[in-house]
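The chain contents come next:
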Amino acid sequence: MKMKTPFDAFGNIALVKFKDKTSANDKRLFANKLLRYNKSVRTVLEKIRGFTGRLRKQKTRWIAGEKTKEAVYRENDCVFRFNMDSVYFSPRLSNERKEIAQKIKKGDEVLVMFGGVAPYPIVIARNSKAHRVYSVEISKEASKYAKLNAELNNVKNKVYVIQGDVKRVAKKIKGGVSVRGTLVPLKFDVIVMPRPQLKDSFLEEAFMLSKKNTAVFYYDFCKESEIKNIVNKIELAAKKSGRKIKILKIKKAGEIAPYKYRIRVDFKVL
Ligand SMILES: C[S@@+](CC[C@H](N)C(=O)[O-])C[C@H]1O[C@@H](n2cnc3c(N)ncnc32)[C@H](O)[C@@H]1O
């Protein structure tokens, strides 16, 4: 079936971005066609507004099929449940998650800042020999799903969800903090930073929780010509924290708008 209107599939839910001025009737017709030709899709939602605010929430509207906004989505041998409107989730990052999981070494203590409903922590926990993976997320709703997802994927003993602001949690961890009776390590072997598209870099917190040889995967957003500014920002933050780093890799991890990219910078703390 030829479909000109773009949509993203989240397992049982298809999310469609219609062109302005598409009539309600045309939206319904398209949605019903989509349901007929994609057997796994049970619900069609329309995207009303993209991700905004600190919690990175989007707004959708039901168009056809089962009346739900709860997605059950599979990737990398994992399953994730989440509400399309109340938390962030992007299926476009599935390869990123896989790539990072492949870089984790046996016994690594891993910290994922901005864990969301825990797709990075769970893909890492299921596809690597990490010792433990800590997921720090400010949203109560996303943390609730993160705990549920850790259970659904049988990694409850490996994934530790900490609900709170990375800034506060980083300070607490420094002082020693216990989660489910286990003391969270003061420093991590790997820190993953799938940052929200907001101003704060959170690099100060990353350096606070780094030791010699900590590998950091830092995400940012910019035009191609601005990549060097991001590298400068990281180097400056390292200097401010009195640390030396080695940039290992700079990668475009997807186009988020015309000529604007999600960039991943991999670096090592020396
Ligand atoms: C771009 S989303 C990424 C979520 C998840 N890593 C994923 O890939 O699906 C960013 C997440 O950071 C969370 N967040 C924003 N500011 C935060 C903070 N200061 N501390 C902890 N989490 C924060 C948001 O609630 C959101 O879930």
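For the structure, check the block above.
Small disclaimer: the values here were computed from a predicted structure and weren't measured.

Participant: I tried to follow the side chain of E205 on my own but got confused; where do I start?
Facilitator: Residue position: E205 is located in helix α6 (residues 203-208). In this structure E205 touches M113, V166, K167 and A170, once residues within four positions along its chain are discounted.

Participant: What am I meant to see in helix α3 (residues 119-127) here?
Facilitator: Spacing of three or four residues puts side chains on the same side of an α-helix, whose turn is 3.6 residues. Counting buried positions along α3 yields seven of nine residues, so the element is predominantly enclosed. Among all positions in α3, only P119, Y120, P121, I122, V123, I124 and A125 are buried.

Participant: What is the right way to look at the pairing of strand β14 (residues 245-257) in this model?
Facilitator: Walk down a regular strand and you will see the side chains alternate between the two sheet faces. With nine bridges joining them, β14 and strand β15 (residues 260-269) adopt antiparallel strand pairing. In the strand pairing of β15, I250 is matched with V265. Hairpin geometry of β14 and β15 is characterised by an intervening segment of two residues between the two adjacent antiparallel strands and by a positive phi of about 65° at Y259.

Participant: Would you take a moment to explain unusual backbone geometry for this structure?
Facilitator: Apart from glycine, the bulk of residues carry a negative phi angle, and the bulk of peptide bonds sit in the trans form. At N76, a position not held by glycine, the phi torsion is positive, near 45°. Mapping N76 onto the fold places it in the loop between β5 (70-75) and β6 (78-83). At A118, a position not held by glycine, the phi torsion is positive, near 75°. Mapping A118 onto the fold places it in the loop between β7 (109-113) and α3.

Participant: Just to check I follow, could you spell out the sheet that holds strand β12 (residues 188-193) for this structure?
Facilitator: Either a parallel or an antiparallel arrangement is found when strands of a sheet pair, and the pairing is made through backbone hydrogen bonds. Taken in spatial order, the seven strands line up as β9-β8-β7-β12-β13-β15-β14 in an open sheet, and their pairing is mixed. What marks the edges here is a single partner per strand, and that holds for β9 (159-163) and β14. Across the sheet, the axes of successive neighbouring strands diverge by a mean angle of 15°, strand direction being ignored. Contacts between helix α7 (residues 227-240) and the sheet are confined to β13 (210-223), β14 and β15, with β13 contributing the most and set at about 145° to the helix.

Participant: I would appreciate a short explanation of the nonpolar core in the present structure.
Facilitator: Burial of nonpolar side chains together is a common tendency in soluble globular proteins. Residues F82, V110, I124 and V192 are the most contacted members of the largest nonpolar core, which totals 39 residues. A per-element tally of this core places α3 first, with five residues. Counting 37 residues, the second-largest nonpolar core is a separate cluster that includes V169, I173, I191 and A238.

Participant: So what exactly am I meant to see when it comes to a positive patch on the surface here?
Facilitator: Taken together, the side chains of R168, K171, K172, K174 and K187 present a region of like positive charge at the surface. For K171, the location among the structural elements is in helix α5 (residues 166-174). Looking at K171, the relative accessible area reads 55%, which means it is exposed.

Participant: For this particular structure, what's the right way to read the site of the ligand?
Facilitator: Close to the ligand lie 19 residues; F114, E137, I138, D165 and V166 are nearest. In this structure, a nitrogen atom belonging to the ligand sits 3.1 Å away from a main-chain N or O atom of I138. Contact distances for the ligand include 2.9 Å between a nitrogen atom and a backbone N or O atom of V166. Here the ligand has 600 Å² of accessible area as a free molecule, and 97% of this is covered by the chains. The residue inventory of the shell around the ligand, partitioned by class, reads ten nonpolar, three polar and six charged.

Calculation notes
- Residues numbered from 1 in each chain as written.
- Predicted model: local features only at pLDDT ≥ 70, side-chain atom pairs only at ≥ 80, totals over all residues.
- Heavy atoms only, no water.
- Helix = DSSP H or I, 4+ residues; strand = E, 2+ residues; numbered from the N terminus.
- Contact = heavy atoms within 4.5 Å.
- Buried < 20%, exposed > 50% of the residue type's maximum accessible area, 1.4 Å probe, protein only.
- Pairing = 2+ DSSP bridges.
- Axes fitted to C-alpha atoms, helices over the stretch in contact; angles between N-to-C directions.
- Core = buried A, V, L, I, M, F, W, Y, C linked by side-chain atoms within 4.5 Å.
- Patch = residues over 30% accessible without salt bridge, like charges linked within 9 Å, V, L, I, M, F, W, Y side chains within 5 Å.
- Areas by Shrake-Rupley, 256 points an atom, 1.4 Å probe, with all protein chains shown as cover.
- Salt bridge = Lys/Arg side-chain N within 4 Å of Asp/Glu carboxyl O.
- Lys, Arg positive; Asp, Glu negative; His and termini not counted.
- Charge placed at Lys NZ, Arg CZ, Asp CG, Glu CD.
- Near = heavy atom within 4 Å.
- Polar contact = N/O pair within 3.5 Å; in protein donor to acceptor, adjacent residues only side chain to side chain.
- Nonpolar A, V, L, I, M, F, W, Y, C, P; charged D, E, K, R; others polar.

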